[in-house]
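# Observations on the model geometry
Residues per chain are reported as follows:
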Amino acid sequence: MIREIREPLIFEISAPGKRAAELPPLDVPAEPDLLHGAALRGDIEGFPEVSETEIVRHFTRLSQMNYCVDLGLYPLGSCTMKYNPKVNERLAALPALAGCHPQAPHDLVQGSLEVLKRLETLLGTIAGLDAFTLQPAAGAHGELTGMMLIRARLDETANPRKYVLIPDSAHGTNPSSAHICGYSVKEIRSNDDGTIDLGSLEKEMDEDVAALMVTNPNTLGVFERDICRIAEIVHAKGGYVYMDGANMNALTGIVRPGDMGVDVLHINLHKTFSTPHGGGGPGSGPVGVKKELAPYLPVPVITEEDGRFSLDANRPKSIGRVRSFYGNFGVIVRALGYILALGPKGIREIAEYAVLNANYIRKGLEGEYHLKYATPSMHECVFSDKFQKEFGVTNLDIAKRLMDYGLHPPTMSFPLIVHGALMIEPTETESRRDLDLFIEAMKAIAREARDNPDLLKTAPHGTYVRRLDEVAAAKNPCLRWREEE
Amino acid sequence: MSYLSLSDKDRKDMMAAVGIASIDELFCCMPEAVRLTGDLELPGPLAEPDLVREIEGVAGRNTFGRYLSFLGGGAYEHFIPTVVDYLSGRGEFVSPYTPYQPEISQGTLQAIFEFQTLICQLTGLDISNASLYDGATAAAEAVLMAHRVTGRPKVLMARSLHPQYREVVRTYIKNLGVEAVEIPYGRDGRLDLEAFSDLVDGQTCGVLVQSPNFLGVVEDVQAVSGLAHCAKALSVAVVSEALSLGLLEAPGKLGADIVTGEAQSLGIPLSFGGPYLGFMACRKEFVRQLPGRLCGQTKDVDGRRGFVLTLATREQHIRREKATSNICTNQALCALRATIYMETLGRQGLREAARQCARKTAYALEALRGIPGVTRKFAGPVFDEFVLEFAQPWDRVAAALKGKGVLPGLGLGTAYPELGDCVLVCVTEVKRKDDIDLLVQAVREVMS
């Protein structure tokens, strides 16, 4: 990286008359004008004008200001930043798939429908659930869809219920999704192991509770070992168990949510199934259910008869449509490619080596950083800045200093039940060398915190920009470029 | 194919370091009763050449590519300059997470800032978010936003709003005590303003009007906004064909308070319906009610310009159940594609592409309406889609044209029973005169 590159905004290098694209000459008459009666615009004020060379350099330079998985370890906890196999980009871009129109007659898109059906089936096998929808565009969208299914089922009993139980370690999307479904949230405390407190659950679980939303392993990276008992408690009162599958990377081929009493599950294809995060999407959040909830899945549903695929929108109990068309198809193709490449042993090895790698890091950093919960870690481990606080150093300082070592920081300040959290998820695709680089960097930073805390408090030192003023950004928001007057 | 990076020796050494004799020990906290005892019944593993062959085989069962298609209806084929794929395919853009650590994510953040600016310029509004899932969920988010802003329980939706968008709105509001009422379209295909003014009242949080609407007709957004504002309801302009904004007046300048919709047209492949690109822009007084991520400009400790995600107190990870939306991961890479597309076409190119769509559409419509048994259904102004009515049953016409290798457009009978023998035809700049003439000739033969 060349730190001194300063790339202006495209608007600042724009000059009248420059072009980076041309169309062939219009080959039909310019008349008639059928836009008569519509309000037309003149110029698109402020829109840029640059050459193709300038476009390529602009975005190439911008790209070089990004850290990414292709560059190194990206240990964001609960984000599962694993390597994205390149072949899957090629598959998604196949012209027969990428060029297919979603409104095309079904008999002309049998291949695309087969892609959808095959992934649904494979996810069902991996999750131990009876039916899947691939429509949700991301994890949070999957949560919303899943909770709507539960609500629709309960609506039929004339009592949709009022509450959803959510552990205090849950992702912020859980309460937000439950809320859009019309539910109030009751928080369940974690016990000293960092798992759901059964006593607290038994106390809160009654006939007013629609569901428990549980992440397993939870956001501490701890497996809810009482999960079967938890499901019994919820089911005994007529409630449903919703599992947030963000952390499925610890489970693939080892256990199946459906076998543990989970009724509804969302999976993040952009986490567990290796599709790239794209700097914040597109993702895909398929939702799986037990048979009882299948009639409520969003329309359309893909059906197969004698090897012919079609889409069924006539499902009277369905919650309706949750997005246009059939989901983030291009992401679905990539996930299918990944599962087929790995096969059964490879799917099991995801969990095995994700958990081994996380435990290797945990072992390497124990003693250097504070570990609030001694419970065994699965695919991630959560340390805190408690030891470093003595020297006035926070998890933010540690995170920023890691950048000077050429590494991406862990997830910070989450889960909320660990103060000053550093949540580390290496994933299974990392080499030992990359894991060791991270461990050594973290140890060096722990030493620096003791010996030279100012070095951390002023970090990062070697990045394109240094610590940014986020308070000022929120106080006086500047959310777009404007021409200087 | 395995993507692991550990040698046998690494595994052994690491297990020793962790203090386990077998990998199984890592999972001892899981209940024995539910532990899988063997491998799952899954296909594979496939080496890369076999994987490519396998998926190419599946893709080969799509025969859509052999047809001359005039399908639109919420997904549009436009030419995508090579630089869009080339640049957006760079690993530095494809493989990072959401830019939570701004110092090492300036590339993604600056691109989002440029995207927000471009969307503001196109829509004529002050603020744009960093993207939403797609046009349908964006429309639903706009309804929830109008509901939050006004506190009112009723939303009006044009019947000419994309049928799938209407369905998604209904799914989203079902459990929130918001009621949706449809406004009919008039004889010219535009929103029936009289019916609208009867329906809009003090209970109305907003009106959703799509322009060009699902029937291809450009709406009078100014008149709709004026009526909405009389009732202190928000005017929400929905755009599903974003390229139309190259030619049509920015809805924000016609009184729309929120402009939202689908930007697939701006450099994103059809890809059987996704991933696409929801977008949303609004007036600045509503910024705290806007859903989704926002990127803002700030300075670093040395006073240098930089960009960060900001106003996060609206979002789920801070506000939890009180957030403006549950959205977390959005469609960032699609927004990047749209940014590169818009900047590549630029000030002149975007207008030119839009102008060619309109001209070719006009050429096709004029030629088709001259065929006996074919009539133009709506007289309102059109951009790159229009509705034709056939004097023969649509199923027969469609089958006969398909036999000639032509897909004339989307039959409307399923979504609009009153338009049973009507088709929505879409002509964009990628169609040449020859293609259009071929369509016209085929229709002429089928109708004779």
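Residues numbered from 1 in each chain as written. Chains lettered and ligands numbered in written order. Predicted model: local features only at pLDDT ≥ 70, side-chain atom pairs only at ≥ 80, totals over all residues.

### Quick word on the overall build of chain B
Helix and strand counts for chain B stand at 13 helices and 15 strands. Each principal axis of the C-alpha distribution contributes one length, and for chain B these read about 80 × 55 × 50 Å. For chain B, the residues scored as buried account for 60% of the 448 residues in total. For chain B, restricting intrachain contacts to residue pairs at least 6 apart in sequence, the fraction spanning at least 24 positions comes to 73%. (Helix = DSSP H or I, 4+ residues; strand = E, 2+ residues; numbered from the N terminus. Buried ≥ 20, exposed ≤ 12 C-beta atoms within 10 Å, placed from the backbone. Contact = placed C-beta atoms within 7 Å.)

### Description of the overall build of chain A
Scanning chain A from terminus to terminus reveals 14 helices and 13 strands. Whereas a compact globule of 485 residues would reach a radius of gyration of roughly 23 Å, chain A reaches 25 Å, a difference of no more than 12%. Counting only C-alpha atoms, chain A reaches 75 × 65 × 45 Å along its principal axes. The proportion of buried residues among the 485 residues of chain A is 58%. Pairs at least 24 apart in sequence give 73% of the contacts found in chain A among residues at least 6 apart. (Rg over C-alpha atoms; globule rule 2.2 N^0.38 Å.)

### Notes on the packing of helix α5 (residues 139–155) of chain A against helix α6 (residues 173–180) of chain A
All names here are of chain A. The N-to-C vectors of α5 and α6 enclose an angle of 45°; their axes lie 9 Å apart at closest approach. With respect to α6, the element α5 is oriented oblique. As α5 runs across α6, the sense of the crossing is right-handed. Residue-level contacts link Gly139, Ala140, Glu143, Leu144 and Met147 of α5 to Thr173, Asn174, Ser177, Ala178 and Ile180 of α6. Here the residues of the contact of α5 with α6 are counted per class, giving five nonpolar, four polar and one charged. (Axes fitted to C-alpha atoms, helices over the stretch in contact; angles between N-to-C directions. Parallel < 35°, antiparallel > 145°, perpendicular 65-115°, else oblique. Left-handed = near helix turned anticlockwise from the far one by under 90°. Nonpolar A, V, L, I, M, F, W, Y, C, P; charged D, E, K, R; others polar.)

### Let's talk about the nonpolar core
Membership of the largest hydrophobic core comes to 305 residues, with the highest contact counts inside it found for A:Ile332, B:Ala139 and B:Leu208. By residue number, the principal contributor to this core is helix α9 (residues 329–365) of chain A, which donates 22 residues. Not counting residues within four places of it along the chain, the set of residues in contact with A:Ile332 comprises A:Val115, A:Leu116, A:Leu119, A:Leu134, A:Leu269, A:Ser284 and A:Gly327. (Core = buried A, V, L, I, M, F, W, Y, C linked by C-beta atoms within 7 Å.)

### Here's the deal with helix α5 (residues 106–123) of chain B
Residue and element names in this part refer to chain B. For α5, built from 18 residues, the straight-helix expectation of 26 Å at 1.5 Å per residue is met to within 8% by its first-to-last C-alpha distance of 25 Å. Taken across its 18 residues, α5 has 18 buried, putting it largely inside the fold. Immediately downstream of α5, the backbone of Gly124 shows phi near 75°, a positive value. (Expected span 1.5 Å × (residues − 1).)

### Here's the deal with the sheet that holds strand β2 (residues 127–128) of chain B
In sheet architecture, strand pairing relies on hydrogen bonds along the backbone and comes in two forms, parallel and antiparallel. Residue and element names in this part refer to chain B. Taking strand neighbours across the sheet as the criterion, the seven strands line up as β2-β8-β7-β6-β5-β3-β4 in an open arrangement whose pairing is mixed. Either end of the sheet is taken by a strand with one partner, and the two such strands are β2 and β4 (179–183). Sheet topology note: the strand β6 (residues 234–239)/strand β7 (residues 258–262) ladder contains four bridges and is parallel. Residue pairing in the sheet places Ala237 in a bridge with Val259 of β7. Across the sheet, helix α7 (residues 163–173) touches β3 (154–158), β4 and β6, and the angle it forms with β4 is around 160°. (Pairing = 2+ DSSP bridges.)

### Regarding the domain arrangement of chain B
All names here are of chain B. Domain annotation of chain B identifies domain 1 (65–79 + 347–447) and domain 2 (82–341). One C-alpha centre belongs to domain 1, the other to domain 2; they are set 28 Å apart. Contributions of two or more residues to the side of domain 1 that touches domain 2 are made by α11 (332–369) and β12 (385–390). Its residues assigned to classes, the side of domain 1 that touches domain 2 shows 16 nonpolar, four polar and five charged. (Domains from an automatic or database assignment.)

### With respect to the interface of chain A and chain B
The interface is formed by 172 residues belonging to chain A together with 163 residues belonging to chain B. Among the elements that make up the side of chain A that touches chain B, the one with the highest residue count is α9(A) (22 residues). Residue composition of the side of chain A that touches chain B, grouped by class: 96 nonpolar, 43 polar and 33 charged.

### Thoughts on the environment of B:Val149
Residues and elements named next belong to chain B. Note on placement: Val149 falls in helix α6 (residues 135–150). Residues Val149 and Asp126, spaced 23 residues apart in sequence, show a C-alpha to C-alpha distance of 17 Å. Residues within four places of Val149 in sequence aside, it is in contact with Leu234, Phe286 and Gln289.

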